[in-house]
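Chain residues, written in single-letter form:
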2 protein chains.
Amino acid sequence: MSAPAGEAPSSGYASIFVEEDLSTAEVDRLEAVHRPLADSVRELVDATIRTTVDDEEVAAVRAEVDALVARLRARQIEGAAGVRYNAEGRTWSWGNAVVGERNALAPPLDVVRDPDGLVHADTLLGAAYEGPPGMVHGGVGALLLDHVMGVTASARKRVTFTGTLTMRYVRSTPLGPVRLESRIDREEGRKVFVVATLADPDGVTVEAEGVFIVPRWAA
Amino acid sequence: MSAPAGEAPSSGYASIFVEEDLSTAEVDRLEAVHRPLADSVRELVDATIRTTVDDEEVAAVRAEVDALVARLRARQIEGAAGVRYNAEGRTWSWGNAVVGERNALAPPLDVVRDPDGLVHADTLLGAAYEGPPGMVHGGVGALLLDHVMGVTASARKRVTFTGTLTMRYVRSTPLGPVRLESRIDREEGRKVFVVATLADPDGVTVEAEGVFIVPRWAA
């Protein structure tokens, strides 16, 4: 599913999208405070995979991490971050697995929508996204493609759900810089057909097709 | 791609699979040291998304995280963890995005292979795997399915690459406990057809089909 951007969601979602009494300026300010923490934790994830320090140092660092977890959990929301919006129409999903500003698992992906309908995103995939030796995990390609295609289908103005998704793996994708490109191929009733690619600097590595559904209540 | 488990990879991979002069006992010991650090970092990822502590505390925790990153990076491997094996035929891929023992992004997934050919895995997906509000990101479902299906295709004895992967989203998957099930449907020459499902406690949420290819050099 893709949340509509720049517009409050329609009534069918009232129960799960949460309206917050926060100005857009305040949301931006909070993002500026929390994004750097997520960036640092992302570095920690990478360092945890790649470190070769002594066993004692690993254990000592672990104890410090546990102490930091306790400090952050001193006050926290129940459950996941959800998707929120305010009266100004700003939406935010800080915990999103692909683009969440506060999620260290997200690469993160900055998705850009060109006026001609092309949706694209560039990112750098490091040690935490590995599958085959030195290569991007095939499922990570699927994860990023699903997200960018969902954003494409939503076209900034509607909620869509993933119906089917098909990936053709042309060749392995080396870890490093990758680019995603996606566009709407055609629409039939409530079905939106999206085509997309994942590419490394040498060209396309994965081709994808997806059918996204506009729910009846939003059509 | 799926690395063969319990067997040294064939010659075509000699350049990217790395043989290490480590006994299996030593590999097990190192995993026991590093796994708890990854577990703690996984908690930190979750707490980073959910915390509501003051801005000053967020900044203070961030500074401490940066210091821990520096301690771990004091000595580290270049690049990603890769897939390694030893003379006893033990293989390990500590950085793998889905099952890496040292990767805090991995849920982690413990993949079990039954004698009758069913491959399954149970895991708990928390705040870091969110897409729609309170729901598993559709791409995370694809990530986990791709991995389990690749393990299924490899059948413990061969290298396979993902050819195509098709997912049908039956309904949204709530965050919480999920189960993956996968089995080989049929084989045709070097093509292995795998079928799989993702399910929540109420039943199947995503159905998947994949065609995995045994490379010519490994057939």
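Residues numbered from 1 in each chain as written. Chains lettered and ligands numbered in written order. Predicted model: local features only at pLDDT ≥ 70, side-chain atom pairs only at ≥ 80, totals over all residues. Heavy atoms only, no water.

**Q** Which parts of the structure should I look at to understand the overall build of chain A?
**A** Across its full length, chain A holds 3 helices and 9 strands. Listed N to C, the secondary structure of chain A is β-α-α-β-β-β-β-α-β-β-β-β in terms of helices and strands. In terms of overall dimensions, chain A has a C-alpha envelope of 60 × 45 × 25 Å along the principal axes. Taking the contacts inside chain A whose residues are at least 6 apart along the sequence as the reference set, 65% of them involve residues at least 24 apart. Averaging the coordinates of the 23 positive side-chain charges in chain A and doing the same for the 33 negative ones gives two points 6 Å apart. (Helix = DSSP H or I, 4+ residues; strand = E, 2+ residues; numbered from the N terminus. Contact = heavy atoms within 4.5 Å. Lys, Arg positive; Asp, Glu negative; His and termini not counted. Charge placed at Lys NZ, Arg CZ, Asp CG, Glu CD.)

**Q** Sorry if this is basic, but what is going on with the packing of helix α2 (residues 55-73) of chain A against helix α2 (residues 55-73) of chain B here?
**A** The geometry of a pair of packed helices is captured by two quantities: the angle between their axes and the separation between those axes. Running from N to C, α2 of chain A and α2 of chain B point in directions that differ by 170°, and their axes come no closer than 11 Å. With respect to α2 of chain B, the element α2 of chain A is oriented roughly antiparallel. For the pair α2 of chain A and α2 of chain B, the crossing hand works out as left-handed. The residues of α2 of chain B that touch α2 of chain A, namely those facing E57, A60, V61, E64, V65, L68, R71 and L72 of chain A, are E57, A60, V61, E64, V65, L68, R71 and L72 of chain B. Within the contact of α2 of chain A with α2 of chain B, the residues separate by chemical class into 10 nonpolar, no polar and 6 charged. (Axes fitted to C-alpha atoms, helices over the stretch in contact; angles between N-to-C directions. Parallel < 35°, antiparallel > 145°, perpendicular 65-115°, else oblique. Left-handed = near helix turned anticlockwise from the far one by under 90°. Nonpolar A, V, L, I, M, F, W, Y, C, P; charged D, E, K, R; others polar.)

**Q** Help me out: how do you make sense of the interface of chain B and chain A in this one?
**A** It is common to give the size of an interface as the accessible area that goes away when the parts come together. With 83 residues of chain B at the contact, the number on the chain A side is 83 residues. When chain B packs against chain A, the two sides together hide about 7800 Å² of surface, and 61% of this comes from carbon and sulfur. Inspection of the region where chain B meets chain A yields 12 salt bridges. In this structure, R71 of chain A engages E64 of chain B in a salt bridge whose closest nitrogen and oxygen atoms are separated by 3.5 Å. Taken together, the links from chain B to chain A amount to 48 residue pairs in polar contact (both at pLDDT 80 or more). (Buried area = accessible area lost by both parts, 1.4 Å probe. Salt bridge = Lys/Arg side-chain N within 4 Å of Asp/Glu carboxyl O. Polar contact = N/O pair within 3.5 Å; in protein donor to acceptor, adjacent residues only side chain to side chain.)

**Q** Looking at this structure, I do not really get the relation of the copies chain B and chain A. What am I missing?
**A** Note that the two copies of the chain are related through a rotation about an axis and a translation along the same axis. When chain B is fitted to chain A, the best match, at an RMSD of 0.0 Å, comes from turning it 180° and sliding it 0.0 Å along the axis. Interpreted geometrically, this transformation is the action of a two-fold axis. Across chain B, the rotation axis passes nearest the C-alpha of T166 of chain B, at a separation of 2.1 Å. A shared interface surface links the copies, since 100% of the contact residues of chain B are contact residues in chain A too. (Least-squares fit on C-alpha atoms with pLDDT ≥ 70 in both.)

**Q** Just to check I follow, could you spell out the pattern of salt bridges for this structure?
**A** Where charged atoms from two side chains of opposite charge approach closely, those side chains can pair. Residues and elements named next belong to chain B. Per the stated rule, a full pass over the model turns up 44 salt bridges over all chains. R50 is the salt-bridge partner of D46, the closest N and O atoms lying 2.9 Å from each other. Of this pair, D46 and R50 both sit in helix α1 (residues 24-50), 4 residues apart, roughly one helical turn. Neither residue differs from the other here; D46 and R50 are each classed as buried. (Buried < 20%, exposed > 50% of the residue type's maximum accessible area, 1.4 Å probe, protein only.)

**Q** How do you make sense of the sheet that holds strand β9 (residues 203-213) of chain B when you look at a structure like this?
**A** The strands that make up a sheet are held in pairs by hydrogen bonds between backbone atoms, and each pair lies either parallel or antiparallel. Taken in spatial order, the 12 strands of this open sheet run β4(A)-β5(A)-β7(A)-β8(A)-β9(A)-β6(A)-β6(B)-β9(B)-β8(B)-β7(B)-β5(B)-β4(B), and their pairing is antiparallel. Whereas interior strands pair on both sides, the edge strands pair on one side only; in this sheet they are β4 (112-113) of chain A together with β4 (112-113) of chain B. The pairing of strand β8 (residues 191-200) of chain B with β9 of chain B spans 10 bridges and is classified as antiparallel. Paired with L198 of chain B across the strands is V206 of chain B, a residue of β9 of chain B. (Pairing = 2+ DSSP bridges.)

**Q** Explain the UniProt feature "domain: Thioesterase" (unreviewed entry) in chain A to me, please; I cannot follow it from the model alone.
**A** Mapped onto this numbering, the UniProt entry annotates "domain: Thioesterase" (unreviewed entry) at residues 134-206 of chain A. Split by type, residues 134-206 of chain A is 23% helix and 49% strand. Its first and last C-alpha atoms lie 17 Å apart. (UniProt positions renumbered as here; feature names shortened; annotations may be inferred.)

**Q** Sorry, what's going on with the pairing of strand β5 (residues 119-125) of chain B here?
**A** In regular strands, side chains alternate between the two faces of the sheet. Residue and element names in this part refer to chain B. Counted residue by residue, β5 has 5 buried out of 7 residues, so it is predominantly covered. Across 2 bridges, the pairing between β4 and β5 is antiparallel. Among the inter-strand pairings, V112 is bridged to a residue of β5, identified as H120. From the end of β4 to the start of β5, which pair antiparallel, there are 5 residues, and G117 there has a positive phi angle of about 100°. Relative to strand β7 (residues 176-188), β5 runs antiparallel, the two sharing 7 bridges. Bridge pairing in β7 links H120 to E181.

**Q** What is the right way to read the pairing of strand β8 (residues 191-200) of chain A from this model?
**A** Residues and elements named next belong to chain A. By the criterion of burial, β8 is predominantly enclosed, with 7 of the 10 residues buried. One ladder, built from 9 bridges, connects strand β7 (residues 176-188) with β8; its direction is antiparallel. In the sheet register, E187 faces β8, and the bridge partner there is V192. Hairpin remark: β7 followed by β8, antiparallel, with 2 residues in the connecting loop; positive phi at G189, about 60°. Counting the residues that bridge the hairpin from β8 to strand β9 (residues 203-213) gives 2 residues.

**Q** It is not clear to me how the side chain of H137 of chain A should be interpreted in this structure. Could you clarify?
**A** Following the sequence through the fold, H137 of chain A ends up in the loop between β5 (119-125) and α3 (138-154). Engagement of the side chain of H137 of chain A in a polar contact is seen with the backbone nitrogen of G139 of chain A, the distance being 2.9 Å. In contact with H137 of chain A, other than residues within four places in its own chain, are Y129, E130, G131 and P132 of chain A together with N96, A97, V98, L143, D146 and H147 of chain B.

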